Amino acid sequence: MKKIIYILIILVLFTITGCTPKDKTTPPFTVTCESNDTVMEGVQTTNKSVYKFDEYQYVTEYEIKTISVYDNEETYNIYKKGAEQTLKAGNSDKITYDITTDDNTRTVNFSYKVTITKDDMKDLSDKDFYKAKKVLERAKSNTNTKCTFNGIEENQIK
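Residues numbered from 1 in each chain as written. Predicted model: local features only at pLDDT ≥ 70, side-chain atom pairs only at ≥ 80, totals over all residues. Heavy atoms only, no water.

**Digging into a nonpolar patch on the surface**
1) Next: Residues V39, M40, I78 and Y79 make up a contiguous nonpolar surface patch of about 380 Å² in total accessible area.
2) Next: Within the residue set of the nonpolar patch, elements represented by two or more residues are strand 1 (29-40) and helix 2 (73-89).
3) Next: When its relative accessible area of 54% is taken as the criterion, I78 is described as exposed. (Patch = residues over 30% accessible without salt bridge, like charges linked within 9 Å, V, L, I, M, F, W, Y side chains within 5 Å. Areas by Shrake-Rupley, 256 points an atom, 1.4 Å probe, with all protein chains shown as cover. Salt bridge = Lys/Arg side-chain N within 4 Å of Asp/Glu carboxyl O. Helix = DSSP H or I, 4+ residues; strand = E, 2+ residues; numbered from the N terminus. Buried < 20%, exposed > 50% of the residue type's maximum accessible area, 1.4 Å probe, protein only.)

Here it is, written out as structure tokens:
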């Protein structure tokens, strides 16, 4: 009977100290970043990025929408053709594209959504690339970018 009690105590201690994730810090949360830029002369671009993170602060899904308005017809046609080729490259279960164009306003609406599963994370060599802190550093590299946090405070990002 004593052996069973000792084994149970050891299992409880093991469970408390050894099996709990050390970096589980937050409930799942979402961050939305937006910016408006003139990326080159005659091209005005609006970006909106939505990042979803799990409780370990790894990105599980992100969606980026870009609306570009071109002053120059020739430049518009080049980017429109590139967007159409991207769409023809196809959607997969991990990445989906949506592209619309408007010849009257020379606008290209380009959006894509990427889903990253736990199995995908196992195959990645640089997992930190998908940590919230790194993702947001890249998103905020443009000084015009403003981010809002839903389900977490910015100072809780690790």
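Now that the structure is up, let's keep going.
**Examining the nonpolar core**
1) Next: Of all hydrophobic cores here, the largest spans 20 residues; its most connected members are Y51, F53 and V59.
2) Next: A per-element tally of this core places helix 4 (residues 132-139) first, with 4 residues.
3) Next: Among all residues touching Y51, those that are not within four sequence positions of it are F29, T30, V31, C33, V59, E61, Y62, I64, V135 and A139.
4) Next: Within the second largest apolar cluster, 6 residues are counted, among which are V43, Y76, I99 and V108. (Core = buried A, V, L, I, M, F, W, Y, C linked by side-chain atoms within 4.5 Å. Contact = heavy atoms within 4.5 Å.)

**With respect to the pattern of salt bridges**
1) Next: Evaluated as defined, the whole model comprises 7 salt bridges.
2) Next: Note that K80 is salt-bridged to D103, the shortest N-O span being 2.9 Å. Of the two residues, K80 is situated in helix 2 and D103 in the loop between strand 4 (95-102) and strand 5 (107-115); the sequence distance between them amounts to 23 residues.
3) Next: Put simply, K140 and E154 hold a salt bridge, and the shortest N to O gap is 2.3 Å. Of this pair, K140 sits in the loop between helix 4 and strand 6 (146-150) while E154 sits in the segment after strand 6, and the two are 14 residues apart along the sequence.
4) Next: Linked through salt bridges whose partners overlap, the residues forming this network are K52, E61 and K113.

**Comments concerning helix 2**
1) Next: Along its 17 residues, helix 2 runs 24 Å from first to last C-alpha, staying within 8% of the 24 Å computed at 1.5 Å per residue.
2) Next: Among the residues making up helix 2, those that are buried are T75, Y76, K80 and A83. On an axial view of helix 2, the arc spanned by its buried residues comes to 130 degrees, and they lie on one face. Across from the buried face of helix 2, at angles greater than 90 degrees, the exposed residues are E74, I78, K81, Q85, K88 and A89.
3) Next: The N-terminus of helix 2 is capped by N72, whose side-chain oxygen sits 2.7 Å from the backbone nitrogen of E74.
4) Next: Two residues or fewer after helix 2 comes G90, characterised by a positive phi angle close to 105 degrees. (Expected span 1.5 Å × (residues − 1). Arc of directions from axis to C-beta. Polar contact = N/O pair within 3.5 Å; in protein donor to acceptor, adjacent residues only side chain to side chain.)

**Some details on the state of the cysteines**
1) Next: All told, the structure shown has 1 disulfide when counted by the stated rule.
2) Next: Sulfur-sulfur distance for the disulfide between C33 and C147 comes to 2.1 Å. On the sign convention where negative means left-handed, the S-S torsion of about 105 degrees between C33 and C147 marks this disulfide as right-handed. Residue C33 is located in strand 1, and its partner C147 is located in strand 6; the two are separated by 114 residues in the primary sequence. Neither C33 nor C147 differs from the other in exposure class; each is buried. (Disulfide = S-S within 2.5 Å.)

**Quick notes on the sheet that holds strand 5**
1) Next: Strands sit in the order 4-5-3-2-1-6 across an open sheet of 6 strands; the sheet is antiparallel. Strands at the two margins of the open sheet, each flanked by one partner only, are strand 4 and strand 6. Recorded for the sheet is a direction-independent mean angle of 10 degrees between the axes of neighbouring strands.
2) Next: Relative to strand 5, strand 3 (residues 59-70) runs antiparallel, the two being bridged by 9 bridges. Of the residues in strand 5, the one forming a bridge with E61 is T115. (Pairing = 2+ DSSP bridges. Axes fitted to C-alpha atoms, helices over the stretch in contact; angles between N-to-C directions.)

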